[in-house]
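Here is how the chains run, residue by residue.
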Amino acid sequence: MTHDATHPSGSPAAPAGLFTYAPAPESRAVVDIAPSYGLFVDGEFREAADGSVMTTLSPATEEKLSEVAHAGEADVDAAVRAARTAFTGWSALPGAERAKYLFRIARIIQERSRELAVLETLDNGKPIKESRDADLPLVAAHFFYYAGWADKLEHAGFGPAPRPVGVAAQVIPWNFPLLMLAWKVAPALACGNTVVLKPAETTPLSALFFADICRQAGLPRGVVNILTGDGATGAALVGHEGVDKVAFTGSTAVGKEIARTVAGTDKRLTLELGGKGANIVFDDAPLDQAVEGIVNGVFFNQGQVCCAGSRLLVQESVHDELLTALQRRLRTLRVGDPLDKNTDVGAINSAEQLARITELADSGEAEGARRWTAPCDLPSQGYWFAPTLFLGVSQAHRVAREEIFGPVLSVLTFRTPEEAVAKANNTPYGLSAGVWTEKGSRILAVSERLRAGVVWANTFNKFDPTSPFGGYRESGFGREGGRHGLEAYLEH
């Protein structure tokens, strides 16, 4: 492990002659978090039927943020029945009328974006500049985009008179709570479906604030219902016989359980699961640009991204030059208070996730890979993991095979494009990949041979509501975003 001088704030010391940044904290006062929240069912907040509650913590400080209701089977049944009742009226509305609600929701999200960004950072641990500049603009954009589709569904390519599926059960993860909500809720509502959404156990607050946005927008009762709870709540929702469509984003292991539950029923299913994305850098790549793409690909949101470029494949002839530049860049990353607008790497979402990252990183050292950690002081409270590289990695190492879901990058080398493609595809996953080269012909030739749902060229982790996203094999099936994202919510 490398140790360099650091500032007390936790950020690395700047090289001599460079300016440093003073803390620039975002105000917590812009968001008012209540001491407790109920479940949002049929347009109203209510306690869980059995009175169960759970606590949500700030991962940066371990402080209690709020107490939320824990939904049981009776609550799941009530929410599904509310969604079923609301479906009749909602699905009968002309598409242009449904679009009005979606446009209204999008505008309210924009108006409340600062509040929602601070809330997301407090509950999730991601840097405020990511919540503010990436998550919230994309959340609003997805509602705007699907509002535009609501009265044009017969032109989407899924038949001349497509119909909504019915009640959609949607289970979302903790890494992008509000954005994953938007990816699922917006197309479902545009198509005329009603929704029962279960946010992740550790990040329930932004979904509950979204419930308030639905009321503010005048959305009819029961069209969107939100159940907070743990895995048992999600299992009860997925298995409920009143659900017509299941959408899940999360781990491959849970996705397989859901697939087993849904098998043999009439429920439609889409799964967006784990990944072990390869970021391939050829010797003619713009290396400075590639370094920024590598950093964004695996250290964005602390590496807690399904499509993270967690395997770096570098052509041998530029390996040393690229690694020198990458390590120099990592020394400048600021790790610390997620509410500081200068912070680059925030807190890991939970103690459980931190333990998994730590165990897998330790296995890399135990199996003989060389570990390099960016020099920084980590705060004493909260869940933190410094940006880490593993060098001398082989394809047999666990750090090259298993999804770490943290700020850990495994570096491998290749000599030929054929070897690069073979190594990139040597994974049970198939969600994302990146190609860095100045040759357009090479981008096309390599991309079409990569078994990944999304391939970025000379960039990484770029999203747009008009573009479909999804994977193959153990990364799931189905697409979210774009015209393709409508299909799972339509009968045709």
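You'll find the structure just up there.
Remember, it's a predicted structure, so these values are computed and weren't measured experimentally.

Scoring rules and cut-offs
- Residues numbered from 1 in each chain as written.
- Predicted model: local features only at pLDDT ≥ 70, side-chain atom pairs only at ≥ 80, totals over all residues.
- Heavy atoms only, no water.
- Helix = DSSP H or I, 4+ residues; strand = E, 2+ residues; numbered from the N terminus.
- Rg over C-alpha atoms; globule rule 2.2 N^0.38 Å.
- Buried < 20%, exposed > 50% of the residue type's maximum accessible area, 1.4 Å probe, protein only.
- Contact = heavy atoms within 4.5 Å.
- Areas by Shrake-Rupley, 256 points an atom, 1.4 Å probe, with all protein chains shown as cover.
- Lys, Arg positive; Asp, Glu negative; His and termini not counted.
- Charge placed at Lys NZ, Arg CZ, Asp CG, Glu CD.
- Pairing = 2+ DSSP bridges.
- Axes fitted to C-alpha atoms, helices over the stretch in contact; angles between N-to-C directions.
- Core = buried A, V, L, I, M, F, W, Y, C linked by side-chain atoms within 4.5 Å.
- Domains from an automatic or database assignment.

What am I meant to see in the overall build of the protein chain here?
The helix and strand inventory of the protein chain stands at 14 helices and 20 strands. The globule rule puts the C-alpha radius of gyration for 492 residues at 23 Å, and the 22 Å found for the protein chain is close to it. The dimensions of the protein chain, computed from C-alpha atoms along their principal axes, are 65 × 50 × 35 Å. For the protein chain, the proportion of its 492 residues judged to be buried stands at 60%. Here the contacts in the protein chain between residues at least 6 apart in sequence split such that 75% fall between residues at least 24 apart. Surface accessibility of the protein chain: about 18700 Å² in total, with carbon and sulfur atoms responsible for 51%. Here the protein chain contributes 47 positive and 58 negative side-chain charges, whose respective centroids are spaced 4 Å apart.

Can you walk me through the sheet that holds strand E16 (residues 408-414) in this structure?
Two orientations exist for strands paired in a sheet by backbone hydrogen bonds: parallel and antiparallel. A sheet is described by the order of its strands in space; here 7 strands give the open sequence E14-E15-E16-E13-E12-E17-E18, paired in mixed fashion. Two strands in the sheet have a free side with no partner beyond their single neighbour: strand E14 (370-373) and strand E18 (454-457). Pairwise comparison of adjacent strand axes, ignoring direction, gives a mean angle of 20° for this sheet. Bridge count for E14 against strand E15 (residues 388-391) is 4 bridges, and the pairing is antiparallel. Note that in E15 the partner of arginine 370 across the bridge is leucine 391. In the packing of helix H10 (residues 319-330) onto the sheet, the strands contacted are strand E12 (278-281), strand E13 (311-315), E14, E15 and E16, and the crossing angle to E15 comes to about 160°. Strands in contact with helix H13 (residues 417-424) are E12, E13 and E16; relative to E13, the strand with the most contacts, it is inclined by about 170°.

Whenever I open this one, the nonpolar core confuses me. Can you help?
Proteins that are soluble and globular tend to have nonpolar side chains buried together. Ranked by size, the top nonpolar core spans 83 residues in total, and within it Ile109, Phe143 and Phe210 carry the most contacts. If one sorts the elements of this core by residue count, helix H5 (residues 177-190) sits on top with 11 residues. Residues lining this core come from more than one domain, with at least three contributed by each of domain 1 (28-273 + 474-491) and domain 2 (278-466). Look past the residues within four positions of isoleucine 109 in its chain and what remains in contact with it is Leu116, Leu136, Val139, Ala140, Phe143, Phe210 and Ile213.

Any functional reading would require information beyond the geometric quantities listed.
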